[in-house]
Amino acid sequence: MRVLITGFDPFGGEAANPAFEAVRLLPDVIAGADIAKLELPTVFAACDAMLEEAVERLAPDAVLSVGQAGGRFDVSVERVAINLADGRIPDNAGDQPIDRTIREGGPDAYFATVPVKAMVRRIRAAGVPASVSYSAGSYVCNHLMYCALHYAATRRPGLRAGFIHVPFMPSQAVDKPAATPTMSLECMATAIAAAVEAVVDTVDDLRAPEGRDH
Ligand code: PCA
């Protein structure tokens, strides 16, 4: 089995993106699965094509993308991607879509095809706070998740795809308000590895209460 794991480059004035920094720390084999790593630009118009090219080249069984969600305190495993790009800030190419449809004619939303609840429970069992998230936002991360799921649904049935958001790492909080949550890169890497283990050995997700009120 092969799992492609992507992380984004820095955006929004940050010097680094903990997503790819954590991906970098992962071993080359997790639970018997070969791990391929890819850094993607935080650019709406480029990240999806680069992911598709890597999938064509590497033929992974699953693709797990990782992004920074500054302000969140835990590792969140995204359940939903929506067919909408609405940028709070421009991306790294200066593109700031407002109310843009990502894929004309595509469904309004896709659900992750990786076992999100099993992933969350496995991450917690590894000692890292985690939750299921029901919104990946409307920026480049949601865009990539939507595109990966649309590509799998229309071109590569059998390819499973999902997305994980990680908090800021400690060095990013030195110039931010005192209550800004952070997580070490080591914890993030532990969490991502645990999530990959769940992807490798779980086909049907757990039926467990991981919903949220808001
Ligand atoms: N986080 C952004 C885009 C790149 C990243 O790491 C997001 O959540 O959309």
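So, here's what we can say about the structure.

Scanning the entire structure with this criterion turns up 3 aromatic pairs. For the ring pair Phe 11 and Tyr 139, a centre distance of 5.8 Å and an interplane angle of 45° mean the geometry is tilted. Residue Phe 11 is found in the loop between β1 (2–8) and α1 (18–24), and its partner Tyr 139 is found in the loop between β8 (130–133) and α4 (140–155); the two are separated by 128 residues along the sequence. Each member of the pair, Phe 11 together with Tyr 139, is buried. Aromatic side chains Tyr 110 and Tyr 146 sit 5.0 Å apart centroid to centroid with 55° between the ring planes, which places their arrangement in the tilted category.

Attention now goes to the pairing of β1. For β1, the tally of buried residues reaches 6 of 7 residues, placing the bulk of the element in the interior. The pairing of β1 with strand β3 (residues 33–40) spans 7 bridges and is parallel. Within β3, the residue paired with Arg 2 across the bridge is Asp 34. Taken together, the 5 bridges between β1 and strand β4 (residues 62–68) define a ladder with parallel strand orientation. Bridge pairing in β4 links Ile 5 to Leu 64.

Our focus in this paragraph is empty space enclosed by the protein. Throughout the structure, instances matching the rule amount to 2 cavities of 30 Å³ or more. Surrounding the largest cavity, Asp 48, Leu 51, Glu 52, Val 55, Val 63, Cys 147, Ala 148, Tyr 151 and Leu 159 form its lining. The leading source of residues in the lining of the largest cavity is helix α2 (residues 44–58), at 4 residues. Looking at the lining of the largest cavity residue by residue, the class counts come to 7 nonpolar, no polar and 2 charged. Forming the boundary of the second largest cavity are Val 63, Ser 65, Leu 144, Met 145, Ala 148, Leu 149, Ala 161, Gly 162 and Phe 163. For the lining of the second largest cavity, the secondary structure elements donating two or more residues are β4, α4 and β9 (160–166). Its residues placed into classes, the lining of the second largest cavity shows 7 nonpolar, 2 polar and no charged.

This part is about the site of the ligand. The environment of the ligand is made up of Phe 8, Phe 11, Asn 17, Thr 42, Gly 67, Gln 68, Tyr 139, Val 140, Cys 141 and His 165. A distance of 2.9 Å separates an oxygen atom of the ligand from a polar atom in the backbone of Cys 141. In the environment of the ligand, an oxygen atom lies 2.8 Å from a nitrogen or oxygen atom belonging to the side chain of His 165. Protein burial of the ligand: of its 260 Å² of free accessible surface, 94% is covered by the chains. Breaking the shell around the ligand down by element, the ones donating at least two residues are β4 and α4. Here the residues of the shell around the ligand are counted per class, giving 5 nonpolar, 5 polar and no charged.

In this structure, Ile 5, Met 119 and Ile 123 are the most contacted members of the largest nonpolar core, which totals 73 residues. The element best represented in this core is helix α5 (residues 185–201), accounting for 11 residues. The residues contacting Ile 123, other than those within four sequence positions of it, are Val 75, Val 77, Val 128, Ala 130, Ala 191, Ala 194 and Ala 195.

Rules of the game
Residues numbered from 1 in each chain as written. Predicted model: local features only at pLDDT ≥ 70, side-chain atom pairs only at ≥ 80, totals over all residues. Heavy atoms only, no water. Phe/Tyr/Trp six-rings, centres within 6.5 Å; stacked < 30°, edge-to-face > 60°. Helix = DSSP H or I, 4+ residues; strand = E, 2+ residues; numbered from the N terminus. Buried < 20%, exposed > 50% of the residue type's maximum accessible area, 1.4 Å probe, protein only. Pairing = 2+ DSSP bridges. 1 Å grid on protein atoms, 1.4 Å probe; cavity = no way out; pocket = protein on both sides within 12 Å on 5 of 7 lines; lining within 4 Å. Points joined across faces, edges and corners; volume = space filled by probe spheres on them. Nonpolar A, V, L, I, M, F, W, Y, C, P; charged D, E, K, R; others polar. Near = heavy atom within 4 Å. Polar contact = N/O pair within 3.5 Å; in protein donor to acceptor, adjacent residues only side chain to side chain. Areas by Shrake-Rupley, 256 points an atom, 1.4 Å probe, with all protein chains shown as cover. Core = buried A, V, L, I, M, F, W, Y, C linked by side-chain atoms within 4.5 Å. Contact = heavy atoms within 4.5 Å.

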